[in-house]
Amino acid sequence: MPQGRHAHVLLARGGEVIEDLFPGVTGELVADGAVVSHPLADFRFCAGGHTLRQVPIGATMLQCTRPFLEGHLRDRVLALPGLTPADRCDVVGLTLDDDRRRVAGVRVVHGRDASTEETLTADLVVDATGRAGRTPVWLRALGLPRPREEEFAVSVGYASRLMRLPRDYAEREKAIAVGPVPNLPRGLALLEVEGGRHLVTLAGFESRHHPPGDHDGFVEFAATVSPPDVLDAIRRAEPLGDIATYRYQSSVRRHYQELPDLPDGLLVTGDALCSFNPIYGQGMTLAAMQASTLRDSLAQGAPGLTRRFFQAASRTVDDAWNLGVGADLALPQFRARRTLSTRLTSAYTRQVQAAGAVDDQVARQFVRVTHLLDPPDRLLRPSLAWRVLRARTAGLGRRRRVPRLTSPGR
Ligand SMILES: Cc1cc2nc3c(=O)[nH]c(=O)nc-3n(C[C@H](O)[C@H](O)[C@H](O)COP(=O)(O)OP(=O)(O)OC[C@H]3O[C@@H](n4cnc5c(N)ncnc54)[C@H](O)[C@@H]3O)c2cc1C
């Protein structure tokens, strides 16, 4: 899958949910080489131009490449009793039962030329086909309404490369993430992954900030976002393979929970339900949370399953969607209309990030929220707001200096 070559941060909450769904899988991943890190203690995070205090947040994170994680989870799924995978085929449509109230199965084509079509019968169909999720098209083909779609144009460009970093740097910390700031909408993630390697991902909003795919351009772009020690490590690193690039145009949320007459037995999950701006690392965690929601919804029996699932899944998406879109709107590059509440939230978040550079508790709480361990309203508790205010009045938590760009493209 095209996104598989880019850094995939599995948020602490995502790791917890995956372990709950597949008990023991964390141990297997670690035994096979996944790296355990402690955000923020050995995972440096520069948010809104401020390097947060490097304190433990009471949770750990797993670091590995996406294919490595996916391979382990796939092995676990395939080991389930009674499961027969149908590889190398495309779902092209849904079928309904005679009174058109329930899904009866899916239409599937096999082979390169899609010459063979068959219908697989099913009691339950879960569309987990990713961002391109075709359920709206399939519903329309059946004469049924499509869900309302919320789309937020972000135009994020990615460039990533596996590297072997010099030992003196690699032994110091396990990861660093640098987020975009208003006058430099670029970011960097550098993760230690399995095999003693590091995955370096650069990202930028708007085409003139999209990172290039050639070696010199990659390093030049890295120089605009990396702290000096990280840039020095990237310059001295041994590249492992070529640079992969990716363009992501928009975040998309589909509101199936609003459709009163969806056929029973039809569910949509993961990116097909909501595709988040990847820069905030939420997608896999939300997909895992929805798998957990599906398990809980199924435990309550088949009647009303579709409605129950979509309502619960929509609630899991709400906080993450609002956090992501809120962070996007804090950047002036996005020309969307900002309500008063959005402007106040952006302003307060900037103060939280600044305070997180000097106050351990603020840093800890902010990162627990971004890792979806705690709800966003924890940041509004009076005791925390007081600490934020105190840091502000003390005039602490100054921003890192943002370098001037020498040429508009890089
Ligand atoms: C550049 C980039 C960086 C990202 N970084 C992060 C990150 O740091 N952290 C994070 O959590 N998330 C990240 N994400 C998001 C993450 O990749 C997705 O949220 C996650 O993969 C969603 O999982 P999914 O199973 O819904 O879809 P996918 O992983 O896209 O899987 C969909 C599957 O369905 C198959 N399929 C599609 N159509 C059909 C069909 N008609 N019939 C049969 N099969 C079909 C596809 O082949 C694919 O195997 C990133 C995304 C991008 C683009």
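Residues numbered from 1 in each chain as written. Predicted model: local features only at pLDDT ≥ 70, side-chain atom pairs only at ≥ 80, totals over all residues. Heavy atoms only, no water.

The protein chain carries the name 2-polyprenyl-6-methoxyphenol hydroxylase-like FAD-dependent oxidoreductase in an unreviewed UniProt entry, which gives Actinopolymorpha cephalotaxi as its organism.

Draft legend 1. Structural context of the sheet that holds strand β5 (residues 89-96). One open sheet holds the three strands; their spatial order is β5-β6-β7, and the pairing between them is antiparallel. On the outer flanks of this sheet lie β5 and β7 (116-121), each paired with one strand and no other. Along the sheet, successive strands turn relative to each other by an average axial angle of 25°, direction set aside. The sheet contact formed by β5 and strand β6 (residues 103-110) spans seven bridges and is antiparallel. Its bridge partner being in β6, Cys-89 is matched across the sheet by His-110. (Pairing = 2+ DSSP bridges. Helix = DSSP H or I, 4+ residues; strand = E, 2+ residues; numbered from the N terminus. Axes fitted to C-alpha atoms, helices over the stretch in contact; angles between N-to-C directions.)

Draft legend 2. Highlighting the environment of Asp-32. Considering the arrangement of structural elements, one finds Asp-32 in the loop between α2 (25-31) and β1 (35-37). In contact with Asp-32, not counting residues within four places along its chain, are Phe-68 and His-72. (Contact = heavy atoms within 4.5 Å.)

Draft legend 3. Molecular detail of the environment of Asp-359. The topology assignment puts Asp-359 in the loop between α10 (340-356) and α11 (360-370). What makes Asp-359 buried here is its relative accessible area of 8%. With 31 residues separating them in the primary sequence, Asp-359 and Arg-390 have C-alpha atoms 9.6 Å apart. Aside from chain neighbours lying at most four places away, what touches Asp-359 is Arg-53, Arg-387 and Arg-390. Reaching out from Asp-359, the side chain makes a polar contact with the backbone nitrogen of Gln-361 at a distance of 2.9 Å. (Buried < 20%, exposed > 50% of the residue type's maximum accessible area, 1.4 Å probe, protein only. Polar contact = N/O pair within 3.5 Å; in protein donor to acceptor, adjacent residues only side chain to side chain.)

Draft legend 4. View of the pairing of strand β2 (residues 43-47). Judged by how many residues are buried, β2 sits mostly within the fold: four of five residues are covered. In this structure, β2 lies alongside strand β10 (residues 175-178), joined through four bridges in parallel fashion. Residue Cys-46 lies in a different strand from β10, and its bridge partner there is Val-178. When β2 meets strand β3 (residues 50-51), the two strands line up antiparallel, connected through two bridges. Within β3, the residue paired with Cys-46 across the bridge is Thr-51. Linking two consecutive strands that pair antiparallel, namely β2 and β3, is a turn of two residues; a positive phi of about 60° is found at Gly-48 within it.

Draft legend 5. Spatial organisation of unusual backbone geometry. Cis geometry is adopted by the peptide bond preceding Leu-40, which originates at Pro-39 and carries an omega value of -10°. Here Leu-40 is to be found in the loop between β1 and β2. We note that Arg-88 has phi near 50°; this positive angle belongs to a residue other than glycine. Relative to the elements of secondary structure, Arg-88 occurs in the loop between α3 (66-78) and β5.

Draft legend 6. Just the sheet that holds strand β11 (residues 186-193), in detail. A sheet is described by the order of its strands in space; here eight strands give the open sequence β3-β2-β10-β11-β12-β9-β13-β15, paired in mixed fashion. The open sheet has two free edges, formed respectively by β3 and β15 (274-275), since each of these has just one partner strand. By the bridge criterion, two bridges tie strand β13 (residues 238-255) to β15 in an arrangement that is antiparallel. Opposite Val-252, over in β15, you have Ser-275 as the bridge partner. Packing of helix α7 (residues 228-236) onto the sheet brings it into contact with β2, β9 (148-164), β10, β11, β12 (197-205) and β13, and relative to β11 it is tilted by some 65°.

Draft legend 7. Examining the site of the ligand more closely. Taken together, 22 residues surround the ligand, and among them His-8, Val-9, Arg-66, Asp-271 and Met-284 come closest. Separating an oxygen atom of the ligand from a side-chain N or O atom of Gln-3 is a distance of 3.1 Å. With respect to the ligand, the backbone of Val-91 contributes an N or O atom lying 2.9 Å from a nitrogen atom. Here the ligand, which alone exposes 1,000 Å², has 77% of that area covered by the protein. For the shell around the ligand, the per-class residue count stands at ten nonpolar, nine polar and three charged. (Near = heavy atom within 4 Å. Areas by Shrake-Rupley, 256 points an atom, 1.4 Å probe, with all protein chains shown as cover. Nonpolar A, V, L, I, M, F, W, Y, C, P; charged D, E, K, R; others polar.)

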